Amino acid sequence: VLRCLGIPTRVITNFNSAHDKNLNLSIDKYIDVSGNNLHLSEDSVWNFHVWNECWFIRRDLGSFYDGWQVLDATPQEKSKGIYQCGPASTKAIKEGDVNLDYDSPFVFAAVNADCVTWIRYSKKRKERVYSDTRKIGKFISTKAVGTNSRVDVTANYKYPEVKEIPFKISYSQYKNYLMDDRKILVTAV
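Below you will find a few notes about this structure. All values reported here derive from a predicted model rather than from experimental measurement.

Quick word on the pattern of salt bridges
Then step 1. Inspection of the entire model under this criterion finds four salt bridges.
Then step 2. Between R10 and E53 there is a salt bridge, with the nearest N and O atoms lying 2.7 Å from each other. Of this pair, R10 sits in strand β1 (residues 9–19) while E53 sits in strand β3 (residues 44–56), placing them 43 residues apart in sequence.
Then step 3. Across the pair D60 and R58 runs a salt bridge whose closest N-O atoms are separated by 2.9 Å.
Then step 4. On the basis of relative accessibility, which here comes to 46%, the residue D60 falls in the partly exposed class.

Shown next, in the form of structure tokens:
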């Protein structure tokens, strides 16, 4: 329909799509001390989810948020009392501007939530035991114009994940670093 009105529109697929039911920007899993799932959260991770992007000028949010906007024709949650999602600016999602209207926090979580596992000791005491910051929002894609090729648009939604570089240093190098720190401290005093 939007294309018929002359509004640029494309379909987006998000793999490992988070469904953050309580809007806390994380997908929470609760286990007991034996490792059994407690089913206390309605959050979930879907293999994929599909929505539309449309190109809008955002006079309501400011020109920084012009460009591609997320519209979900199959919303699973109510927003302001009705089943709707968007238009959420992809720039707002990428920048983490989750305080804007139009379901920005929900879409941000869909592509960038942390998966957190908690041990629940009692109703009042829980402990975070695991957090995966890289699982959600993989291979966010659209179809290329004029071909059946996939175009990766992940960079429109999130910054690249930082890769951890494992390294080892010898004890003598570590000791030298400590000595350098001590020299800096003595010089500063």
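Here's the deal with the packing of aromatic side chains
Then step 1. For the structure on display, the rule yields five aromatic pairs.
Then step 2. Residues F15 and F48 carry aromatic rings whose centres are separated by 6.4 Å and whose planes lie at 50 degrees to one another, so their mutual orientation is tilted. Of this pair, F15 sits in strand β1 while F48 sits in strand β3; the two residues are 33 residues apart in sequence, bridging distant segments of the chain.
Then step 3. A ring pair is formed by Y30 and W118, whose centres lie 6.4 Å apart and whose planes are at 20 degrees; its orientation type is stacked. Placement of Y30 in strand β2 (residues 26–31) and of W118 in strand β8 (residues 114–120) is noted, with a sequence separation of 88 residues between them.
Then step 4. Positioned above the aromatic ring of Y121, the side-chain terminus of R125 is 4.1 Å from the ring centre.

With respect to unusual backbone geometry
Then step 1. Phi is positive for Y102, which is not a glycine, with a value near 70 degrees.
Then step 2. Topologically, Y102 is positioned in the loop between α1 (90–95) and α2 (104–112).
Then step 3. Phi is positive for D103, which is not a glycine, with a value near 70 degrees.
Then step 4. Tracing the chain through its elements places D103 in the loop between α1 and α2.

Comments concerning the layout of surface pockets
Then step 1. The volume enclosed by the largest pocket comes to roughly 290 Å³.
Then step 2. Per-element tally for the lining of the largest pocket: the top contributor is α2, with four residues.
Then step 3. Residue composition of the lining of the largest pocket, by class: 10 nonpolar, seven polar and six charged.

A word on the sheet that holds strand β9 (residues 126–132)
Then step 1. Taking strand neighbours across the sheet as the criterion, the three strands line up as β2-β8-β9 in an open arrangement whose pairing is mixed. Here the strands that pair on one side only, and so sit at the sheet edges, are β2 and β9. Strand after strand, the sheet turns through a mean of 25 degrees between neighbouring axes, direction not considered.
Then step 2. The pairing of β8 with β9 spans six bridges and is antiparallel. Following the sheet pairing, R120 is matched in β9 by K126.

So, a nonpolar patch on the surface
Then step 1. Together, V11, F15, F48, V50 and F139 give the surface a local cluster of nonpolar side chains, amounting to about 450 Å² of exposed area.
Then step 2. Breaking the nonpolar patch down by element, the ones donating at least two residues are β1 and β3.

Let's talk about the environment of N16
Then step 1. Tracing the backbone shows N16 in strand β1.
Then step 2. Between the C-alpha atom of N16 and that of N47, which follows or precedes it by 31 residues, the distance is 4.9 Å.
Then step 3. The residues touching N16, leaving out its near neighbours within four places in the chain, are V45, W46, N47, F48, A110, K135, I136, G137 and K138.
Then step 4. Polar contacts involving the side chain of N16 include one to the main-chain carbonyl oxygen of K135, which spans 3.0 Å.

The rules behind each value
Residues numbered from 1 in each chain as written. Predicted model: local features only at pLDDT ≥ 70, side-chain atom pairs only at ≥ 80, totals over all residues. Heavy atoms only, no water. Salt bridge = Lys/Arg side-chain N within 4 Å of Asp/Glu carboxyl O. Helix = DSSP H or I, 4+ residues; strand = E, 2+ residues; numbered from the N terminus. Buried < 20%, exposed > 50% of the residue type's maximum accessible area, 1.4 Å probe, protein only. Phe/Tyr/Trp six-rings, centres within 6.5 Å; stacked < 30°, edge-to-face > 60°. Lys NZ or Arg CZ within 6 Å of the ring centre and 35° of its normal. 1 Å grid on protein atoms, 1.4 Å probe; cavity = no way out; pocket = protein on both sides within 12 Å on 5 of 7 lines; lining within 4 Å. Points joined across faces, edges and corners; volume = space filled by probe spheres on them. Nonpolar A, V, L, I, M, F, W, Y, C, P; charged D, E, K, R; others polar. Pairing = 2+ DSSP bridges. Axes fitted to C-alpha atoms, helices over the stretch in contact; angles between N-to-C directions. Patch = residues over 30% accessible without salt bridge, like charges linked within 9 Å, V, L, I, M, F, W, Y side chains within 5 Å. Areas by Shrake-Rupley, 256 points an atom, 1.4 Å probe, with all protein chains shown as cover. Contact = heavy atoms within 4.5 Å. Polar contact = N/O pair within 3.5 Å; in protein donor to acceptor, adjacent residues only side chain to side chain.

Don't take any of this as a statement about function, it's just geometry.
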